[in-house]
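# Structural overview for review
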Amino acid sequence: MNNYRIALNFDDGVTRFVECGANEKVLDAAFRHRINLPMDCSDGVCGTCKCRAETGSYDLGDDYIDEALTQDEADEGLVLTCQMIPKSDCVISVPVPSTACKTGTAQFAAAVSEVTLFADAAYELVLDIPAEAPVFLPGQYVNIDVPGSGQHRSYSFSSAPGNKRMTFMIKQVPGGLMSSWLGVAAAGQPLQMTGPLGTFYLRAVTRPLLFLAGGTGLAPFLSMLEVIAQHGTQQPVHLIYGVTRDQDLVMVDRLVEYARRIPGFTFGTCVADPKTVHEHQGYVTQHMPAQALHGGNVDVYLCGPPPMVDAVQKHFKAEAITPASFHYEKFTPNQTVTA
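Notes on the structure follow. (Residues numbered from 1 in each chain as written. Predicted model: local features only at pLDDT ≥ 70, side-chain atom pairs only at ≥ 80, totals over all residues. Heavy atoms only, no water.)

## A word on the sheet that holds strand 5 (residues 78-80)
- Ordered in space as 2-1-7-3-5, the five strands form an open sheet in which the pairing is mixed. Edge positions in the open sheet fall to strand 2 (15-20) and strand 5, since each of these has one partner strand only. Between one strand axis and the next, the sheet turns through 35° on average, direction left out of account.
- Taken together, the six bridges between strand 1 (residues 4-10) and strand 2 define a ladder with antiparallel strand orientation. (Pairing = 2+ DSSP bridges. Helix = DSSP H or I, 4+ residues; strand = E, 2+ residues; numbered from the N terminus. Axes fitted to C-alpha atoms, helices over the stretch in contact; angles between N-to-C directions.)

Spelled out as structure tokens, the structure:
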């Protein structure tokens, strides 16, 4: 019989994965992994264990009462984990913090494989990871301890889940804590990681996608695109990649390769600097083709610095654009905020 991998994404952004048997209920699988999901009756009566299934197929049976889960709620993807039996890998949003379920973030070690500097714009950090390293959802991030500093920095995975190596796209900041370390990092050097974290991740692809990336905010989209390339989709995907300077426009060759591998994937680039030699000067909001919005029937994913996120939100409001769903992550040098 098949076992299924269930991602439990908690309200504080922590994600834990559990293996669920072919005929096992999610609540039981979580308890078996020492994760105490909310529950009271465990019989489909109280509704305490109600969560939302973001992706995957499952069976809820008919042994619960309408007061615990109405048909309208079930149609919207709400589930009772005490009744839910997965029929595939699933992602479940749990509406409480991980600490309330007596679980938390995983910690693991990795080792530097290589570091590549793209002009003075960004580093690509490639890490070798142990077999027991936690899986993540495409779009999530991890906290990386900066050796010798007692501090950490948060970076989105640019690699796909399940790879033997993890990769990260990191902005080059002169004098920055991580940038200074990356400048002297040696192959084989150990790193401590905590995660995965974040509620910014690729949901089931059921309608057209619009990806908006600002600078090194391209990283999570590289992870998402690799997953899409591996699994395929019939939906169109368009990405707009905006940067401040010409030299910040890095890894475009990766996007060209994804355009070759993913039917229906297109992308555009733009540079904000008024002195740019790039053919598209300006911000992502100025280079957003109407057809990429599909009249609102589109899932929008946005990752970039706070001013970019705010500008896109204001643009959507001014233009009366209401996407079917809108997921964003905005980052500062020391923190990441997702929604």
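## Section: the pairing of strand 13 (residues 190-197)
- A large share of strand 13 lies buried, amounting to six of its eight residues.
- Note: strand 10 (residues 141-146) against strand 13, three bridges, orientation antiparallel. The residue bridging Ile 144 from the neighbouring strand is Met 193, located in strand 13. (Buried < 20%, exposed > 50% of the residue type's maximum accessible area, 1.4 Å probe, protein only.)

## Observations regarding the sheet that holds strand 10
- One open sheet holds the six strands; their spatial order is 11-10-13-8-9-12, and the pairing between them is antiparallel. In the strand order of this sheet, the two ends are held by strand 11 (151-156) and strand 12 (165-171), each with one partner. Taken over all neighbouring pairs, the strand axes of this sheet differ in orientation by 40° on average, direction set aside.
- Both strand 9 (residues 122-128) and strand 12 contribute to a ladder of seven bridges, which runs antiparallel. Bridging from a neighbouring strand, Glu 124 pairs with Met 169 of strand 12.

## Digging into the packing of aromatic side chains
- Overall, the coordinates contain nine aromatic pairs when judged by the stated rule.
- Measuring from centroid to centroid gives 5.3 Å for Phe 157 and Phe 168, while their planes differ by 35°, and the two rings are tilted. Highlighted residues: Phe 157 in the loop between strand 11 and strand 12 and Phe 168 in strand 12, separated in sequence by eleven residues. With respect to class, Phe 157 is no different from Phe 168; both count as buried.
- Between Phe 200 and Tyr 301, the aromatic rings sit 6.0 Å apart at their centres with planes inclined by 70°, giving edge-to-face as the arrangement. Here the residue Phe 200 occupies a position in the loop between strand 13 and strand 14 (209-214), and Tyr 301 occupies one in strand 17 (residues 299-304), the gap between them amounting to 101 residues. Pair check on accessibility: Phe 200 and Tyr 301 agree, each one buried.
- Above the plane of the ring of Tyr 201 lies Arg 203, whose end atom (NZ or CZ) is 3.8 Å from the centre. (Phe/Tyr/Trp six-rings, centres within 6.5 Å; stacked < 30°, edge-to-face > 60°. Lys NZ or Arg CZ within 6 Å of the ring centre and 35° of its normal.)

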